[in-house]
Amino acid sequence: MPKSLDQDTIILCRSCDLAVQRRALPSNVRALCPRCHTALYDVPYCSVNGMLALCIAAILFYIPANFLPVLEIHFLGSIRATTVYESAVAVWVQGYWIVAVAVIAAAVIAPGLLILSILLQIIIVKRRLHSDFWQQTYRRLLKNHGLLSQLSMLEIYVISFLVAAFNLSDFSDIYLGMGTFCFGMLFLVILFLQREYNLEHMWRMVHEE
Amino acid sequence: MTLCGTCRNINAISDARCSRCYSKIQPRNEQSLQQSWALLITAAILLIPANIYPITMLTNQGKVTYDTIFTGIVHLVHSDMIPIAIIVFTASILVPWLKIAGLAIYLTAISFNLPISKKKLMVGFHIIEWIGRWSMLDLFVIALTVAVVNMGQLLDAKPAPAATAFALVILLTQLAAKVLDTRLLWDRLEKNNDTN
């Protein structure tokens, strides 16, 4: 990959534009900007195969997490259950579509797209797809990665199961369904996937002619 | 040299497009301050209906009660669920208010060159960026509750007007933080030549 010398040794802080000299770092150490303490870089520790494994695990959990019941209520002999997807629909039906869109974007769409985006990136890197079309796609995926990871809020959803369950335990018996387990696992897998993923590192894999 | 706003690649200031991701190069986004202010003010206005109006409507054996964010938390405290109450209080009252106040301080500091330590402002900004997502908690809880509790007159939960306002507050504050080009703060620092 052709690169000029100063690109390798000097970096600019993204928050305050200070020029910092890049130095070799031991693993698990993060370089902070000396002026504004924004995280600058760390040793990229992303193994493409590890990410692929996590991606596949995430996809396996994604489907049951969204379509199996997460919360069950037993009330006077009748059982009601809801899935993540249905909960958003229920709010939409009540006329609060902004809330519904926020819920479905943060809990269903963004995590799903995030997994698919990383999977596609891995495939492009692993299969060395260097044609213009794939490199364009790769760039587009990387550009939108920040947005997707900011939008997916699985950890908050996991906490909200508990809050909702405790909230409702006043009125009736609450059971957490199989969906909750899958959703919890999905959250864990994505947590590790994002730990492994390094955007800067992925950018460096852009194939330049 | 300047950073590409999208992929953080280093480019010459004279370049029109980033050599790596082909997006347009903008050394500074001067408009971002104004955009950020606009989003923040809208969010601050919406924060009032979000807190005054009820956010959920609960029918229990024919009796309808409306809950605002605050009375919901009071209920939790009364039913001895203090830890849950603390989580909900942090997510739906503390975080939005702190975020709006924090961003307002941050933006005034840039706009009027206030002599506040830039380092402290930056730490605050990172906290705001990170913690802002947690406000979504309340919306998730509402959605789950509404979906699972619908048994007509016996027990029924519905969202109420504040839910939309609250959703917009979260959305707009997140955008306000994202839109802002934090390098503007440090540029002013260099102009003023103060050392904190």
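Along each chain, the written sequence defines residue order, and numbers are assigned to residues from 1. Each chain is given a letter, starting from A, and each ligand a number, starting from 1, according to the order in which they appear as written. Given that the model is predicted, a residue must reach a pLDDT of at least 70 before its local features are reported, and side-chain atom pairs must reach 80 or more before they are shown or counted; all residues, however, enter totals for whole chains, interfaces and linings. Calculation of side-chain values draws on the structure's entire complement of heavy atoms; hydrogens and water are dropped beforehand.

1. A short note on the overall build of chain A
No. 1: A run of H or I in DSSP becomes a helix once it reaches four residues, and a run of E becomes a strand once it reaches two; helices and strands are each numbered from the N terminus. Assigned secondary structure in chain A consists of 8 helices and 7 strands.
No. 2: Rg of the C-alpha trace for chain A: 21 Å, well past the compact-globule value of 17 Å for 209 residues, more than 25% over.
No. 3: Projected onto its principal axes, the C-alpha coordinates of chain A cover approximately 70 × 40 × 35 Å.
No. 4: Burial classification: accessible surface area is computed with a 1.4 Å probe over protein chains only, and a residue below 20% of its type maximum counts as buried, one above 50% as exposed, and the rest as partly exposed. A buried classification covers 43% of the 209 residues belonging to chain A.
No. 5: Throughout, a residue-residue contact means that at least one pair of heavy atoms, one from each residue, lies within 4.5 Å. Restricting the contact set of chain A to residue pairs at least 6 apart, pairs at least 24 apart contribute 63%.
No. 6: Total accessible area on chain A stands at roughly 10500 Å², and carbon and sulfur atoms take up 63% of it.
No. 7: Charge assignment: positive for Lys and Arg, negative for Asp and Glu; neither His nor the chain ends contribute. Every charge is mapped to an atom, namely NZ of Lys, CZ of Arg, CG of Asp or CD of Glu. The centroid of the 15 positive side-chain charges in chain A is displaced by 8 Å from the centroid of its 14 negative side-chain charges. Only C-alpha atoms enter the radius of gyration; for comparison, a globular chain is expected to reach 2.2 Å times N to the power 0.38, where N is the number of residues. With residues, only the protein chains shown are counted as cover, and all accessible areas are computed by Shrake-Rupley using a 1.4 Å probe.

2. A short note on the interface of chain B and chain A
No. 1: Each partner contributes residues to the interface: chain B has 58 residues there, and chain A has 61 residues.
No. 2: A simple way to read buried area is as the amount of 1.4 Å-probe accessible surface that goes missing from two parts once joined, with both sides added. Of the roughly 5600 Å² buried where chain B meets chain A, counting both sides, 70% is carbon and sulfur surface.
No. 3: Here a polar contact is taken to be a pair of N or O atoms separated by no more than 3.5 Å, where protein atoms must pair a possible hydrogen donor with a possible acceptor and residues adjacent in sequence count only if both atoms sit in side chains. Counting across the chain B and chain A interface gives 4 residue pairs in polar contact (both at pLDDT 80 or more).
No. 4: Considering each element in turn, the side of chain B that touches chain A owes the most residues, 11 residues, to helix α5 (residues 136–148) of chain B.
No. 5: Amino acids outside the nonpolar list (Ala, Val, Leu, Ile, Met, Phe, Trp, Tyr, Cys, Pro) and the charged list (Asp, Glu, Lys, Arg) are all regarded as polar, and Gly is one of them. Partitioned by chemical class, the residues of the side of chain B that touches chain A number 36 nonpolar, 13 polar and 9 charged.

3. Some points on a nonpolar patch on the surface
Residues and elements named next belong to chain A.
No. 1: A contiguous nonpolar patch, built from Ile63, Phe67, Tyr85, Val89 and Val93 and spanning about 500 Å² of accessible area, is present on the exposed surface.
No. 2: In terms of residue count, the dominant contributor to the nonpolar patch is helix α3 (residues 84–93) (3 residues).
No. 3: Along the chain, Val93 falls in helix α3.
No. 4: Accessibility expressed as a relative area gives 64% for Val93, which makes it exposed. Here a patch means residues that are over 30% exposed by relative accessible area and free of salt bridges, tied together within 9 Å if like-charged and within 5 Å if nonpolar (Val, Leu, Ile, Met, Phe, Trp, Tyr). A pair is scored as a salt bridge if a Lys or Arg side-chain nitrogen falls within 4 Å of a carboxyl oxygen belonging to Asp or Glu.

4. Thoughts on the packing of helix α6 (residues 154–168) of chain A against helix α7 (residues 178–196) of chain A
Residue and element names in this part refer to chain A.
No. 1: At a minimum axis separation of 9 Å, α6 and α7 run at an interaxial angle of 150°. When the axis of α6 is compared with that of α7, the two are roughly antiparallel. Every pair of crossing elements has a handedness; the one defined by α6 and α7 is left-handed. Contacts between α6 and α7 involve Leu154, Glu155, Tyr157, Val158 and Phe161 on the former and, on the latter, Thr180, Phe183, Gly184, Leu186, Phe187 and Ile190. Only the contacting stretch of a helix is used when fitting its axis, a line to C-alpha atoms as for every element, and angles between N-to-C directions run 0 to 180 degrees. Angles are sorted into four bins: roughly parallel if under 35 degrees, roughly antiparallel if over 145, roughly perpendicular if 65 to 115, and oblique for all others. When the near helix sits turned anticlockwise from the far one by under a right angle, the crossing is termed left-handed; a clockwise turn instead gives a right-handed crossing.

5. Regarding the pairing of strand β5 (residues 71–75) of chain A
Residues and elements named next belong to chain A.
No. 1: On β5, burial follows the alternation: Leu71, Ile73 and Phe75 on one face are buried, whereas Glu72 and His74 on the facing-out side are not.
No. 2: Of the strand pairs in this sheet, β5 and strand β6 (residues 78–82) are connected by 5 bridges, and their pairing is antiparallel. Paired with Ile73 across the strands is Arg80, a residue of β6.
No. 3: Hairpin connection, β5 to β6: the antiparallel pair is bridged by 2 residues, and Leu76 has positive phi, about 50°.
No. 4: At least two DSSP bridges between two strands are needed for those strands to be called paired. In the sheet, β5 pairs with strand β7 (residues 173–176) via 4 bridges, with the strands oriented antiparallel. Directly across from Glu72, in β7, lies its bridge partner Tyr175.

6. Quick notes on the pairing of strand β6 (residues 155–159) of chain B
Residues and elements named next belong to chain B.
No. 1: For β6, a buried count of 4 out of 5 residues is recorded, marking the element as mostly surrounded by other parts of the structure.
No. 2: Two elements, strand β3 (residues 56–60) and β6, share 5 bridges in a ladder whose sense is antiparallel. Across the sheet, the residue bridging to Leu58 is Ala157, located in β6.
No. 3: When strand β5 (residues 150–151) meets β6, the two strands line up antiparallel, connected through 2 bridges. The residue bridging Asn150 from the neighbouring strand is Asp156, located in β6.

7. Overview of the packing of aromatic side chains
No. 1: Ring geometry is summarised as follows: Phe, Tyr and Trp rings, the Trp one being its six-membered ring, pair when their centres sit within 6.5 Å, and such pairs are stacked at plane angles under 30 degrees, edge-to-face over 60 and tilted between the two. Taken as a whole and assessed by the stated rule, the structure comprises 8 aromatic pairs over all chains.
No. 2: Relative to Phe140 of chain B, the ring of Tyr157 of chain A has its centre 4.4 Å away and its plane inclined at 50°; by these criteria the two rings are tilted. Taken together, the positions of Tyr157 of chain A in helix α6 and Phe140 of chain B in helix α5 put the pair across two chains.
No. 3: Members of the aromatic cluster, joined through ring pairs, are Tyr157, Phe161 and Phe183 of chain A together with Phe140 of chain B.

8. So, the sheet that holds β5 of chain A
All names here are of chain A.
No. 1: Spatially, β6-β5-β7 is the arrangement adopted by the 3 strands of the open sheet, whose pairing is antiparallel. In this open sheet, the two edge strands, each paired with only one partner strand, are β6 and β7. Across the sheet, the axes of successive neighbouring strands diverge by a mean angle of 20°, strand direction being ignored.
No. 2: Packing against the sheet, α6 makes contact with β5 and β7, and its axis sits at approximately 5° to β5.

9. Comments concerning the packing of α5 of chain B against helix α6 (residues 162–179) of chain B
Residue and element names in this part refer to chain B.
No. 1: Packing of α5 against α6 brings their axes to within 9 Å, and their N-to-C directions diverge by 145°. In this structure, α5 meets α6 at a crossing whose hand is left-handed. Touching Met136, Asp138 and Leu139 of α5 are Ala163, Phe166, Ala167 and Ile170, all from α6.
No. 2: For the contact of α5 with α6, the per-class residue count stands at 6 nonpolar, no polar and 1 charged.

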